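Okay, here's what each chain looks like letter by letter:
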Amino acid sequence: MKVRQDAWSEENDLLLAETVLRHVREGSTQLKAFEEVGDTLNRTSAACGFRWNAVVRKQYEKALGLARKQRKQSYRLIHKDEESRELHIVLESTQTSQNMNDRAGSAALTMSSVIDFLQNFNSSGQDYESLRKELEAVKQAKAALETKYEELEKRTLTIQEDYEAIVKIMDRARKMVVFGNEEDKGTSFKMESNGNLEKVAD
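Let us look at the structure shown here. Nothing here was measured: the structure is a model prediction, and the numbers come from that model. (Residues numbered from 1 in each chain as written. Predicted model: local features only at pLDDT ≥ 70, side-chain atom pairs only at ≥ 80, totals over all residues. Heavy atoms only, no water.)

Side note on the overall build of the protein chain
And then number 1: Secondary structure assignment for the protein chain yields five helices and two strands.
And then number 2: Put simply, the protein chain has 202 residues, and 22% of those count as buried.
And then number 3: Within the protein chain, contacts between residues separated by at least 24 positions form 59% of all contacts whose residues are at least 6 apart in sequence.
And then number 4: Of the roughly 14,900 Å² of accessible surface on the protein chain, a fraction of 56% belongs to carbon and sulfur atoms. (Helix = DSSP H or I, 4+ residues; strand = E, 2+ residues; numbered from the N terminus. Buried < 20%, exposed > 50% of the residue type's maximum accessible area, 1.4 Å probe, protein only. Contact = heavy atoms within 4.5 Å. Areas by Shrake-Rupley, 256 points an atom, 1.4 Å probe, with all protein chains shown as cover.)

Re the nonpolar core
And then number 1: Residues Leu16, Val20, Phe34, Cys48 and Trp52 are the most contacted members of the largest nonpolar core, which totals 14 residues.
And then number 2: When residues of this core are traced back to their parent elements, those giving at least two are helix H1 (10–25), helix H2 (30–41), helix H3 (45–59) and helix H4 (61–107).
And then number 3: Top element by residues in this core is H1. It accounts for five residues. (Core = buried A, V, L, I, M, F, W, Y, C linked by side-chain atoms within 4.5 Å.)

Considering the layout of surface pockets
And then number 1: Each pocket or cavity is described by its volume, and for the second largest pocket that value is around 240 Å³.
And then number 2: What lines the second largest pocket is simply Gly27, Arg71, Lys72, Tyr75, Arg76, His79, Lys142, Leu145, Glu146, Tyr149 and Glu150.
And then number 3: Here the lining of the second largest pocket is built from residues that sort into three nonpolar, two polar and six charged. (1 Å grid on protein atoms, 1.4 Å probe; cavity = no way out; pocket = protein on both sides within 12 Å on 5 of 7 lines; lining within 4 Å. Points joined across faces, edges and corners; volume = space filled by probe spheres on them. Nonpolar A, V, L, I, M, F, W, Y, C, P; charged D, E, K, R; others polar.)

Digging into a nonpolar patch on the surface
And then number 1: A contiguous nonpolar surface patch, about 380 Å² in accessible area, is contributed by Met111, Val114, Ile115 and Leu118.
And then number 2: Assignment of secondary structure puts Met111 in helix H5 (residues 111–183). (Patch = residues over 30% accessible without salt bridge, like charges linked within 9 Å, V, L, I, M, F, W, Y side chains within 5 Å. Salt bridge = Lys/Arg side-chain N within 4 Å of Asp/Glu carboxyl O.)

Some remarks on unusual backbone geometry
And then number 1: Even without a glycine there, the phi angle at Asn42 is positive, about 60°.
And then number 2: Relative accessible area serves as the criterion here: at 75%, Asn42 is assigned to the exposed category.

Focus on the packing of aromatic side chains
And then number 1: For the structure on display, the rule yields one aromatic pair.
And then number 2: Both rings, one in Phe50 and one in Tyr163, keep their centres 6.2 Å apart while their planes meet at 90°; by these two values the pair is edge-to-face. Residue Phe50 is found in helix H3, and its partner Tyr163 is found in helix H5; the two are separated by 113 residues along the sequence.
And then number 3: Relative accessible area serves as the criterion here: at 26%, Phe50 is assigned to the partly exposed category.
And then number 4: The class for Tyr163 is partly exposed, based on a relative accessible area of 40%.
And then number 5: Sitting over the face of the ring of Trp8, Arg43 holds its NZ or CZ atom 4.2 Å from the ring centroid. (Phe/Tyr/Trp six-rings, centres within 6.5 Å; stacked < 30°, edge-to-face > 60°. Lys NZ or Arg CZ within 6 Å of the ring centre and 35° of its normal.)

Printed below as a string of structure tokens:
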């Protein structure tokens, strides 16, 4: 039995699966993974995407789900760190201004130094409030981007599935035409509404 020169080996499939799972886990797209594997194996990204959707993905459904969960968890951890860092900066600046005012007050506690302290304290509170509002706006923008990203990923998968269906139809049509020509040159075909080719009786 002859083996096609461009046939996929187990190592190729494993490389494809590992690369796709890594990209999903790190928040990248499957398309970028297909491009990376295509460069490594000297194949087109479309061929890698077709192989993933047609064969490899079925074997790695659980791993793909786990990679998506890990991506969401890492997003949450990153944003929690950013929030705590921003809050820490605000608290540090407030503490610094209070310490400076305390030192000035201990040297000479006057009415003007008390007024200065209260004004500085009030402005730092306003800074914190504006930072909090800005952080809320960034969170909303991030949520909107994540929603758009998921929609784009779904569209991409739909396009890949459509591409796979078209390739199958074309392959089936080619085989039917080749075998039809060998058996009976007068055989003709018609396309059904579901995309299948059917022999038309003479």
